[in-house]
There are 2 protein chains.
Amino acid sequence: MKIGILGTGNVGRTLAARLVELGHDVVIGTRDVAATEAKAEAEFPAPLRTAPEAAAHAELVINATGGQVSVAALQGAGAENLAGKVIIDVSNPLDFSNGFPPHLAVCNTDSVGEQIQRAFPDARVVKTLNTVNAEIMAYPAKLADGDHTIFVSGDDADAKATVTQLLREFGWLDIVDVGDITTARGTEMMIIQWVRLMGPLGTLAFNYKLVR
Amino acid sequence: MKIGILGTGNVGRTLAARLVELGHDVVIGTRDVAATEAKAEAEFPAPLRTAPEAAAHAELVINATGGQVSVAALQGAGAENLAGKVIIDVSNPLDFSNGFPPHLAVCNTDSVGEQIQRAFPDARVVKTLNTVNAEIMAYPAKLADGDHTIFVSGDDADAKATVTQLLREFGWLDIVDVGDITTARGTEMMIIQWVRLMGPLGTLAFNYKLVR
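Residues numbered from 1 in each chain as written. Chains lettered and ligands numbered in written order. Predicted model: local features only at pLDDT ≥ 70, side-chain atom pairs only at ≥ 80, totals over all residues.

Report on helix α1 (residues 10-21) of chain A, specifying residues and quantitative values.
Because each turn of an α-helix spans 3.6 residues, side chains separated by three or four positions end up pointing in the same direction. Residues and elements named next belong to chain A. Along its twelve residues, α1 runs 16 Å from first to last C-alpha, staying within 8% of the 16 Å computed at 1.5 Å per residue. Among the residues of α1, those classed as buried are Val11, Gly12, Arg13, Thr14, Leu15, Ala16, Arg18 and Leu19. Downstream of α1 by one or two residues, Gly23 has phi in the positive range, about 95°. (Helix = DSSP H or I, 4+ residues; strand = E, 2+ residues; numbered from the N terminus. Expected span 1.5 Å × (residues − 1). Buried ≥ 20, exposed ≤ 12 C-beta atoms within 10 Å, placed from the backbone.)

Account for the relation of the copies chain B and chain A, with residues named and values stated.
By a simple turn and slide, chain B fits onto chain A: the slide is 0.0 Å along the axis, the RMSD is 0.0 Å, and the turn is 180°. Classification of the inter-copy transformation places it as that of a two-fold axis. (Least-squares fit on C-alpha atoms with pLDDT ≥ 70 in both.)

Would you mind going over the interface of chain B and chain A in detail, with residue names and values included?
Each partner contributes to the interface: chain B provides 36 residues, whereas chain A provides 36 residues. Where the side of chain B that touches chain A is concerned, the elements lending two or more residues are β7 (103-104), β10 (174-179), α9 (184-201) and β11 (207-211) of chain B. Tallying contributions element by element places α9 of chain B first for the side of chain B that touches chain A, with twelve residues. For the side of chain B that touches chain A, the per-class residue count stands at 18 nonpolar, 13 polar and five charged. The pairing of strand β11 (residues 207-211) of chain A with β11 of chain B spans five bridges and is classified as antiparallel. When the sheet's bridge partners are listed, Tyr208 of chain A is paired in β11 of chain B with Leu210 of chain B. (Contact = placed C-beta atoms within 7 Å. Nonpolar A, V, L, I, M, F, W, Y, C, P; charged D, E, K, R; others polar. Pairing = 2+ DSSP bridges.)

Run through helix α8 (residues 157-170) of chain A, naming residues and quoting values.
Residues and elements named next belong to chain A. Spanning 14 residues, α8 covers 20 Å between terminal C-alpha atoms, matching the ideal 20 Å at 1.5 Å per step. All of the buried residues along α8 are Ala159, Lys160, Val163, Leu166, Leu167 and Phe170. For α8, the buried positions fall inside an angular range of 120° around the axis, keeping them on one side. Projecting away from the buried face of α8 at angles above 90 degrees are the exposed residues Ala157, Asp158, Gln165 and Arg168. Those residues of α8 hidden inside the fold are in contact with α1, β5 (86-89), β8 (124-128), α7 (134-138), β9 (149-154) and β10 (174-179). Where α8 terminates, the next one or two residues include Gly171, which has phi positive at roughly 120°. (Arc of directions from axis to C-beta.)

The structure is reproduced here in structure tokens:
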């Protein structure tokens, strides 16, 4: 699949590397290609393009930018390049401006997933993967042989089916469709507990298994 | 242990029944004993008392009132009857005033757990059990032989040790101390995902196992 990833941080890089490994045609979108290359500490796992080029290239776009800047980053990619496409939103609106613990810039009655869907009504947003760190997102089998849960939220059933297939390629075994895009509130709000568990658990490699 | 439970709803009743079964000396506190008895559809599993009587009786108080009225309910029990005591807070501030899905009346930068600790600085508040329904709170072994996780938040290590012991009596096997009372934000915010999972899962008998 032709995939455009927006975001050049750890999440974007890790997902890009994994998708390349799985045989997908991946490009990474960034606002300023030259500037991103100049400050990069390591080679990128997929070609860098401008955000509009990356989105135009893609059948499926992954938002791996910070939740507070996601709508702006996607606007930079151009609504016309996103129309009709699946957008996987893996972001969380973590705000560290008051230090640790962070709070969420949006929550409770709204979410980044919903903000993106409202801003790009012709795109088909699927919120997923935002409840775990980058390594577990891309390589779920590294934890407990993959016996743990990932959630999917979105308004479009076909888009969720496409994303579910991609999650299976990553190695996800327990994929739970929570419902429409408003259920992104729940998974985004779970990140506050995640952030507080890091310390006591002494690792970032953890997740939940939904027991029922 | 002498235990006073504030709250006569499903959570209070279920916890009372379980604690009586475990041999504890339990009373249930309510604002108006006669009124609560008059409207009760079933016998209570432990004697009803006024809230101040229930708190005065107790070495350990359980707040099983709704999160939005918890501080007021505890004030009704009297700060002097709570001083020095462990308060287990199992509440969530779910607000259904706009229908379904509910939102939280407090979250993100505060929590009911913290509100109670601030209102009763001489009490030792431990937030726990608020991530599951009443049946699973009291009988964790009914789900997956108890192989799932419950969280504990609070400022007082001795209070958390007392509560952890009580949770073990209930049958909890995986008890995770997340940290101080501000970590109650994380577990209270998890309830939004819980509320949205009810429908897709078709049951209230579910929980997370923390995989690490």
